[in-house]
Amino acid sequence: MSRPPLPLDRAVKPATRLIHEGEARSGYGEMSEALYLTSGFAYDTMEAAEARFDGRDPGFIYSRFSNPTVATFEKRMIALEGAEAGRATASGMAAVTAAMLCQLNAGDHVVAAKALFGSCRYVVEDLCPRFGISATLVDGADLAQWRAAIRPQTKVLFLESPTNPTLQVYDIAAIATIAHEAGARLVVDNVFATPILQQPLKLGADVVVYSATKHIDGQGRVLGGVVLGSEKFVMDHLHNFLRQTGPAMSPFNAWTLAKGLETLALRVERAQASAGAVADFLADHPKVSKLTYCGRADHPQADLVKAQMAGGGTLVAFEIDAGKAGAFRFGNALQVVKISNNLGDAKSILTHPATTTHQRLAPPARAELGISDAMLRLSVGLEDVSDLLEDIDVALKAV
Ligand SMILES: *Cc1c(COP(=O)(O)O)cnc(C)c1O
């Protein structure tokens, strides 16, 4: 292996780190990161294999444990998040499941915000109880509910902010304090904010999880996830859990995601600027009855957004003033914006949460979260903003 490509001992900015961090050049000196698409690694001698396994030689053993390309992705995420350590996983849900189960035992208790991504809610509400881990769901915006839910057995508090799809914002620093006073850890799913706009570890969270499938890939290609935290958390809990249970990231996906990180800051900034323009346009439109965007002064928690986020993000939630039928007419009339359930893509994406991502929830549970039949979630992409505004304008006329 040739020398490390850039001496990153100078304090360079995140955008610079995202391009150079963690390169693992082969002897050919390639500029673009090599893709080490291999399941295993060869040892020169029997003794070398022994040393690898007993830890005297820290090299690679097997790609279920680690892989040079996966390590490049992990190093970029660790640098970006300002974490001590992190591990990549096959998907965002593998990251969430591992982050929870690696540290929980039968008899433990979890407190989570109700407004969670559907599969995250399954992990907390259905999966954990099957293994004797109880859970209490609270209104994440109400600090008194978090405090009241704490029990002596509480080990983990779990939240997502901004929430999917209602874009509520929770006070990460205050909830971290509640967790720490109870001797518990706070786990934050930071997908909607992205690591560019919000850094939960700096706000006091103990563990951050991402679906890298979203903005980190940013072009709708591969699944991936990552769990970030302290060296101690990773070594005491996560490391062995992932090695032995095997939700490993594919080297191919790691390569795609590591290249995605090189443009993450640029993409998030551009999509966020367009999201702001789209939100302003929708807010003033007579056929839109409700508009939520984290970057607007009329967001219900605008002060909190300013305190913990560097911008409003790339997602907009709104209601069409004509119920489900109106929301469907609007969606069906769009030409540039696509109908899908992904987000954080270069392509703008419209989702109707009540009939797709949140269909599993019973109508009262949806109502409690503020997910009405008229509500739409728009993930703003990288198209020219004037084309997006025109597409939305024309589709609103069809309502
Ligand atoms: C998409 C998503 C996940 C799950 O990630 P996958 O990569 O699809 O497994 C978890 N949390 C949030 C907030 C998400 O948007």
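None of the values given here were measured: they were computed from a predicted structure.

**Some points on the nonpolar core**
Alright, step 1. Trp146, Leu157, Leu159, Ile175 and Leu186 are the most contacted members of the largest nonpolar core, which totals 36 residues.
Alright, step 2. Looking at this core, the elements with two or more residues in it are β2 (109-113), α6 (143-149), β4 (154-160), α7 (172-181), β5 (185-189), α12 (302-308), β9 (315-320) and α14 (363-369).
Alright, step 3. Sorting elements by how many residues they give to this core places α7 first, with five residues.

**Details of the state of the cysteines**
Alright, step 1. Here the structure, examined in full by the defined rule, presents zero disulfides.
Alright, step 2. Considering cysteine sulfurs only, Cys120 is the nearest to Cys128, which forms no disulfide, with 11 Å between them.

**So, the site of the ligand**
Alright, step 1. Contacts to the ligand come from 13 residues, most closely from Met93, Asp189, Ser211, Thr213 and Lys214.
Alright, step 2. One of the side-chain N or O atoms of Asp189 is found 2.6 Å from a nitrogen atom in the ligand.
Alright, step 3. Between the ligand and the protein, one listed contact pairs an oxygen atom with a side-chain N or O atom of Ser211 at 2.8 Å.
Alright, step 4. Burial of the ligand by the protein amounts to 91% of the accessible area it has alone, namely 380 Å².
Alright, step 5. Residues that form the shell around the ligand fall into these classes: five nonpolar, five polar and three charged.

**Re the environment of Cys294**
Alright, step 1. Within the secondary structure, Cys294 sits in the loop between β8 (288-292) and α12.
Alright, step 2. Residue Cys294 is classed as buried on the basis of its relative accessible area, which comes to 4%.

**Observations concerning the UniProt feature "modified residue: N6-(pyridoxal phosphate)lysine" (unreviewed entry) in the protein**
Alright, step 1. Following the UniProt record, one finds the feature "modified residue: N6-(pyridoxal phosphate)lysine" (unreviewed entry) at Lys214.
Alright, step 2. Taking the relative accessible area as the measure of exposure, Lys214 reaches 12% and is therefore buried.
Alright, step 3. Setting aside anything within four residues of it in sequence, one finds Lys214 in contact with Phe117, Val191, Asn342, Leu343 and Gly344.

**With respect to the domain arrangement of the protein**
Alright, step 1. On domain assignment, one finds that the protein holds domain 1 (14-261) and domain 2 (265-398).
Alright, step 2. Facing the 38 residues of domain 1 at the interface are 35 residues of domain 2.
Alright, step 3. Across the interface of domain 1 and domain 2, roughly 2900 Å² is buried in total on both sides, 60% from carbon and sulfur atoms.
Alright, step 4. Seen at the junction of domain 1 and domain 2, the total is two salt bridges.
Alright, step 5. Our enumeration of links across domain 1 and domain 2 arrives at 13 residue pairs in polar contact (both at pLDDT 80 or more).
Alright, step 6. Elements that contribute at least two residues to the side of domain 1 that touches domain 2 include exactly α5 (118-130), α7 and α8 (194-197).
Alright, step 7. At five residues, the largest contribution of residues to the side of domain 1 that touches domain 2 is made by α5.
Alright, step 8. Residues of the side of domain 1 that touches domain 2, tallied by class, amount to 18 nonpolar, 13 polar and seven charged.

What counts, and at which threshold
Residues numbered from 1 in each chain as written. Predicted model: local features only at pLDDT ≥ 70, side-chain atom pairs only at ≥ 80, totals over all residues. Heavy atoms only, no water. Core = buried A, V, L, I, M, F, W, Y, C linked by side-chain atoms within 4.5 Å. Buried < 20%, exposed > 50% of the residue type's maximum accessible area, 1.4 Å probe, protein only. Helix = DSSP H or I, 4+ residues; strand = E, 2+ residues; numbered from the N terminus. Disulfide = S-S within 2.5 Å. Near = heavy atom within 4 Å. Polar contact = N/O pair within 3.5 Å; in protein donor to acceptor, adjacent residues only side chain to side chain. Areas by Shrake-Rupley, 256 points an atom, 1.4 Å probe, with all protein chains shown as cover. Nonpolar A, V, L, I, M, F, W, Y, C, P; charged D, E, K, R; others polar. UniProt positions renumbered as here; feature names shortened; annotations may be inferred. Contact = heavy atoms within 4.5 Å. Domains from an automatic or database assignment. Buried area = accessible area lost by both parts, 1.4 Å probe. Salt bridge = Lys/Arg side-chain N within 4 Å of Asp/Glu carboxyl O.

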